Amino acid sequence: MRSFVAGRSREAVWYLPRDSMVSLSPPRVLLLLSLLLAAPAGAAGAKSTQPGADEVMGMLRKVETARVRGTLRVLDSELEEQGRARPKDLMPRVYRAWLAFPADTCWNELKALSTLEPENPWPHLGMGLIYIRWGLLSEARGPLSAARRASPDFAPALWGEGLLLQAEGKPAEAEARLRASLAKLDAPQVRTALGLLLAAKPGREAEARAELSRSVEVWPEQPEALRKLAALAHAAKDVRAAALAGEKLVALKPMDREAHRLQADLWLSASEKDKAARSLERYVELGGAEAGALALLARVYAELSRPADEEKALVRLIDVELKDPEPLLRLAELTDARADAAASEGFLVKASERAPERSDIHVRRARLCLKQERWKDALVSYRAAQAAPERKVPEAEAETAELVRRFRLPATPARGAADKIYNRVSLGLVALYMERLKELPELKGNLKLRVQVDASGRATQVSVLYDSMEDPFIAGHAYFAFLDAQYPPGQDEPIFQYVFRPPPK
């Protein structure tokens, strides 16, 4: 009878029950020996025929490939069937144990197999590799030594020892052991280990690339090797090779959105903008919403002259990037180019809210209003531009002055009581009305406004209550004149009304 204690304390306990601890008489011993000799193969634990190291390493690569591709269950079913078909062969059980590498269940199964067939080096190797992965380096030496003892020319054990030496911080010894393993068995797993080891050594990057390239050519399903190969190629400015390595990595991890994001950078380095756009599109499809990636996608679309796609990317971007006005300004350009002035102005307004100190944004909105002959709104924006201290537009001062001239606004604002302000504004309105009659002889009507004044006597809002004239310059003159006026302190809402009639002929 045997008992196995699972867990991190890796000790197998073997014992016989008390009632079995009896001496056997010589005749009984001879009878037992004769029965064992006569037993059929397998009844007393016959050895299974071990496949070659290259075959087993190939099967272990198949296991890792299934792990990467998410098809472990399918492979498990195949191995289970092989185990039933070949019950004397332990290797299907070794492979099935490896499906759970490096979990406790894997170690437990390999330990059990190592006791069933101690001369089989593969369970010992597996336990040693698990210990290395767990960081239990001192515990790894025993199983690796057992693998060497079981098969003195066992090249995979040299691979395991190389990994152990590397984990112990002995790169020179690790390299020697890995090269010794490769001299006996050219397995991609060993070549990858050597390539990753060399990649960490300054000045050995070219050798590392060569080893990793040879490895992934035979066994492409290696995410870590492909990731390092892409990084090495990118550092060596071999952008094409870096992009191709990254493409293979993405093919292994099609649902990994960050892999697609990184691949976009590699394609851009290789000047493959179409492919970069597709990588970023896949990133977005998988739920990626990082501001930098969305901004990059919008820029790639712009360089590819795909304005509709660029606009969609920017709309996504402004939902996650809440401070930068630049995406909104670009949206204003795109919507203006397709003659959607309302959308363009809306984006400019949002941009000015994000960066109220930027004078250039206010100027852009003012010019858009000028194109639409919305003179009052244009001057409101020009005034905001004058007050904003950043990114001044030199031409804006002259543009503002020309608009002020067209409104015929006074050089100094009106001051005093409401009737005094009314009379002062009347002078400017009459003068402007006489000018407008030259262009519009039939111009006449009423204009009524209400001004909201705060406690300091400053106008905070001017509302048009009635305007039968609908002349933008006269209404605009009244708006700005009453808005700029200084009223007596104390909250008030004075109403001002004018009636305009052409003089008799």
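What comes next concerns the included structure. (Residues numbered from 1 in each chain as written. Predicted model: local features only at pLDDT ≥ 70, side-chain atom pairs only at ≥ 80, totals over all residues. Heavy atoms only, no water.)

### Some words on unusual backbone geometry
At the junction of F101 and P102, the peptide bond is cis and its omega measures out at 0 degrees in the coordinates. Residue S271 is not a glycine yet carries a positive backbone phi of 60 degrees. With respect to the secondary-structure elements, S271 resides in the loop between α14 (257-269) and α15 (273-285). You can call S271 exposed: its relative accessible area is 60%. (Helix = DSSP H or I, 4+ residues; strand = E, 2+ residues; numbered from the N terminus. Buried < 20%, exposed > 50% of the residue type's maximum accessible area, 1.4 Å probe, protein only.)

### Observations regarding the packing of helix α18 (residues 326-337) against helix α20 (residues 359-371)
Close contact between α18 and α20 brings their axes to 12 Å; oriented N to C, the two are set at 15 degrees. In terms of their interaxial angle, α18 and α20 are classed as roughly parallel. Crossing of α18 over α20 shows left-handed handedness. Of the residues in α20, those touching α18 at L329, A332, E333 and D336 are I361, R364, L368 and K371. In terms of residue class, the contact of α18 with α20 is built from 4 nonpolar, no polar and 4 charged. (Axes fitted to C-alpha atoms, helices over the stretch in contact; angles between N-to-C directions. Parallel < 35°, antiparallel > 145°, perpendicular 65-115°, else oblique. Left-handed = near helix turned anticlockwise from the far one by under 90°. Contact = heavy atoms within 4.5 Å. Nonpolar A, V, L, I, M, F, W, Y, C, P; charged D, E, K, R; others polar.)

### A few points about α15
The terminal C-alpha atoms of α15 lie 18 Å apart, and with 13 residues this matches the ideal 18 Å at 1.5 Å per residue to within 8%. Among the residues of α15, A276, A277, S279, L280, Y283 and V284 are the ones counted as buried. Seen along its axis, α15 keeps its buried residues to an arc of 160 degrees; they face one direction. On its buried face, α15 sits against α14, α16 (291-303) and α17 (307-320). G287 lies just past α15 and shows a positive phi near 100 degrees. (Expected span 1.5 Å × (residues − 1). Arc of directions from axis to C-beta.)

### Comments concerning the layout of surface pockets
Looking at the largest pocket, its volume works out to about 840 Å³. E64, F101, R133, W159 and E224 are the residues nearest the centre of the largest pocket, which is lined by 25 residues in total. Listed by contribution, the elements that provide at least two residues to the lining of the largest pocket are α2 (53-69), α6 (121-134), α8 (155-167), α10 (188-199) and α12 (223-235). For the lining of the largest pocket, the element with the highest residue contribution is α2, accounting for 5 residues. (1 Å grid on protein atoms, 1.4 Å probe; cavity = no way out; pocket = protein on both sides within 12 Å on 5 of 7 lines; lining within 4 Å. Points joined across faces, edges and corners; volume = space filled by probe spheres on them.)

### Some details on the pairing of strand β5 (residues 495-500)
Remember that side chains alternate between the two faces of the sheet whenever the strand is regular. Across the two faces of β5 the burial differs, with F496, Y498 and F500 buried and I495, Q497 and V499 not buried at all. Of the strand pairs in this sheet, strand β3 (residues 445-453) and β5 are connected by 6 bridges, and their pairing is antiparallel. If you follow G445 over to β5, its bridge partner there is F500. (Pairing = 2+ DSSP bridges.)

### Observations regarding the sheet that holds β5
Reading across the sheet, the 3 strands line up as β4-β3-β5 and stay open at both edges, with antiparallel pairing between neighbours. Among the strands making up the open sheet, the edge pair consists of β4 (459-467) and β5. This sheet shows a mean twist of 20 degrees between the axes of neighbouring strands, independent of strand direction. Both β3 and β4 contribute to a ladder of 7 bridges, which runs antiparallel. By the bridge assignment for β4, L449 is matched with V464.

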